[in-house]
Amino acid sequence: MVDEMKNQVNLSKVDYKKEYKDLYVPKGIPCVIDIPSIPFITVLGKGNPNEEDGEYQKAVELLYAISYTIKMSKNGENIPVGYFEYVVPPLEGQWWITNGTADTDYTKKSDFCWISMIRQPDFVTEEVFKWACKEVEKKKKLDTSKAEYVIFKEGLCVQCMHTGPFDNEPATIEKIEAYIKANGYTNDISETRHHHEIYLSDPRKCDVTKMKTVLRIPIQKNQ
């Protein structure tokens, strides 16, 4: 049965960045987008993401460990029903300080609260997630208790591609805020809706002046 399932695995990899360009490759000008329900593995935390061996770095390590365990499940005895070949989607993050108000000062990195997250294919269920966590605990000796499987529906947002260092993001955020006001929307950042980033570049491997980051702000239409 396992061999039969392996033979059925689609050899052409699904790359979410290419399949869903509206979500992952916006232009450098703000645009409105309505984000559907998407499965994620997430880790909630707090603190400076640049802190060496800090909470954020450990969260990212955990997310990738679980995500790649699921991806490589095709080679074992626990192939998820409906499995297909895919590229692990990019790391994402939601960010806020205290109550997540719209006037948050994002330069105070030590005060950050965040949800680090990686999208999962639709075949990933709570059961698949729990299996992967057990495998990570057994083989990599990582504590997976902070990881969660979440179906996240972000809803109406304005997003824009930011090119350059993370510290230069305020200029792109200003463009987004101006677009929101000029087009009949209101910034809807709250305790449940947050500033959202998608990391398309690895700052360790590329020229930081060319880094690509999707910036996304939740909105609501003015009445």
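The structure presented is a predicted model; accordingly, all values stated were derived computationally and were not measured.

A few words now on the overall build of the protein. Helix and strand counts for the protein stand at six helices and seven strands. Starting at the N terminus and ending at the C terminus, the protein contains elements arranged as α-α-α-β-α-β-β-α-β-α-β-β-β. The C-alpha atoms of the protein give 18 Å as radius of gyration, which agrees with the globular expectation for 223 residues (17 Å, within 12%). Counting only residues that meet the buried cut, the protein has 48% of its 223 residues in that class. Counting contacts in the protein only where the partners sit at least 6 residues apart, residues at least 24 apart contribute 77% of the total. Entry remark: accessible area of the protein is about 12,200 Å², with carbon and sulfur atoms responsible for 51%. For the protein, the distance from the average position of its 30 positive side-chain charges to the average position of its 34 negative side-chain charges is 4 Å.

The next point concerns the packing of aromatic side chains. One pass over the full model with this rule turns up 13 aromatic pairs. Relative to tyrosine 20, the ring of tyrosine 16 lies with its centre 5.9 Å away and its plane at 10°, an arrangement referred to as stacked. Seen from their ring centres, phenylalanine 40 and phenylalanine 152 are 6.2 Å apart, and the 65° between their planes marks the pair as edge-to-face. One end of the pair, phenylalanine 40, is in strand β1 (residues 31-46); the other, phenylalanine 152, is in strand β4 (residues 147-163), with 112 residues separating them in the sequence. Here the aromatic cluster, defined as three or more aromatic residues joined through ring pairs, consists of Tyr56, Trp95, Phe112 and Trp114. Lysine 71 extends its terminal NZ or CZ atom over the ring of tyrosine 86, reaching a point 5.3 Å from the ring centre. The ring of tyrosine 20 is capped by arginine 119, whose NZ or CZ atom sits 4.9 Å from the centre of that ring.

Counting 47 residues, the largest nonpolar core has Ile66 and Ile70 as the members making the most contacts within it. Of all the secondary-structure elements, those providing two or more residues to this core are α3 (21-24), β1, α4 (55-71), β2 (91-96), β3 (113-119), α5 (126-139), β4 and β6 (195-199). For this core, the element with the most residues is α4, which contributes eight residues. Residues in contact with isoleucine 70, not counting those within four places in the same chain, are Ile41, Tyr83, Tyr86, Gln120, Phe123, Val124, Val128 and Ala132. In this structure, Ile176, Ile189, Leu215 and Ile217 belong to the second largest nonpolar core, which totals 10 residues.

Of the volumes computed, that of the second largest pocket is approximately 200 Å³. Val43, Glu55, Lys58, Ala59, Glu61, Leu62, Leu142, Asp143, Ser145 and Lys146 together form the lining of the second largest pocket. Here the lining of the second largest pocket takes five residues from α4, the largest share from any one element. Here the residues of the lining of the second largest pocket sort into four nonpolar, one polar and five charged.

With 17 residues, α4 should cover 24 Å at 1.5 Å per step; its first-to-last C-alpha distance of 24 Å lies within 8% of that length. For α4, every residue scored as buried is listed here: Tyr56, Ala59, Val60, Leu62, Leu63, Ala65, Ile66, Ser67, Thr69, Ile70 and Lys71. Its buried side turned inward, α4 meets β1, β2, β3, α5, β4 and β6.

One pass over the full model with this rule turns up one cavity of 30 Å³ or more. In this model, the largest cavity occupies a volume close to 50 Å³. As for the largest cavity, its lining consists of Leu23, Tyr24, Ile35, Ile38, Phe40, Glu92, Phe152, Glu154, His196, Ile198 and Arg216. Of all elements in the fold, only α3, β1, β4 and β6 reach the threshold of two or more residues within the lining of the largest cavity. Among the residues making up the lining of the largest cavity, the classes are represented as seven nonpolar, one polar and three charged.

Let's shift gears to the pairing of strand β7 (residues 212-221). Taken across its 10 residues, β7 has seven buried, putting it largely inside the fold. Here β4 runs beside β7; their pairing, made up of seven bridges, is antiparallel. Along β7, the bridge assignment pairs threonine 163 with lysine 212. Across four bridges, the pairing between β6 and β7 is antiparallel.

Reading guide: rules and limits
Residues numbered from 1 in each chain as written. Predicted model: local features only at pLDDT ≥ 70, side-chain atom pairs only at ≥ 80, totals over all residues. Heavy atoms only, no water. Helix = DSSP H or I, 4+ residues; strand = E, 2+ residues; numbered from the N terminus. Rg over C-alpha atoms; globule rule 2.2 N^0.38 Å. Buried < 20%, exposed > 50% of the residue type's maximum accessible area, 1.4 Å probe, protein only. Contact = heavy atoms within 4.5 Å. Areas by Shrake-Rupley, 256 points an atom, 1.4 Å probe, with all protein chains shown as cover. Lys, Arg positive; Asp, Glu negative; His and termini not counted. Charge placed at Lys NZ, Arg CZ, Asp CG, Glu CD. Phe/Tyr/Trp six-rings, centres within 6.5 Å; stacked < 30°, edge-to-face > 60°. Lys NZ or Arg CZ within 6 Å of the ring centre and 35° of its normal. Core = buried A, V, L, I, M, F, W, Y, C linked by side-chain atoms within 4.5 Å. 1 Å grid on protein atoms, 1.4 Å probe; cavity = no way out; pocket = protein on both sides within 12 Å on 5 of 7 lines; lining within 4 Å. Points joined across faces, edges and corners; volume = space filled by probe spheres on them. Nonpolar A, V, L, I, M, F, W, Y, C, P; charged D, E, K, R; others polar. Expected span 1.5 Å × (residues − 1). Pairing = 2+ DSSP bridges.

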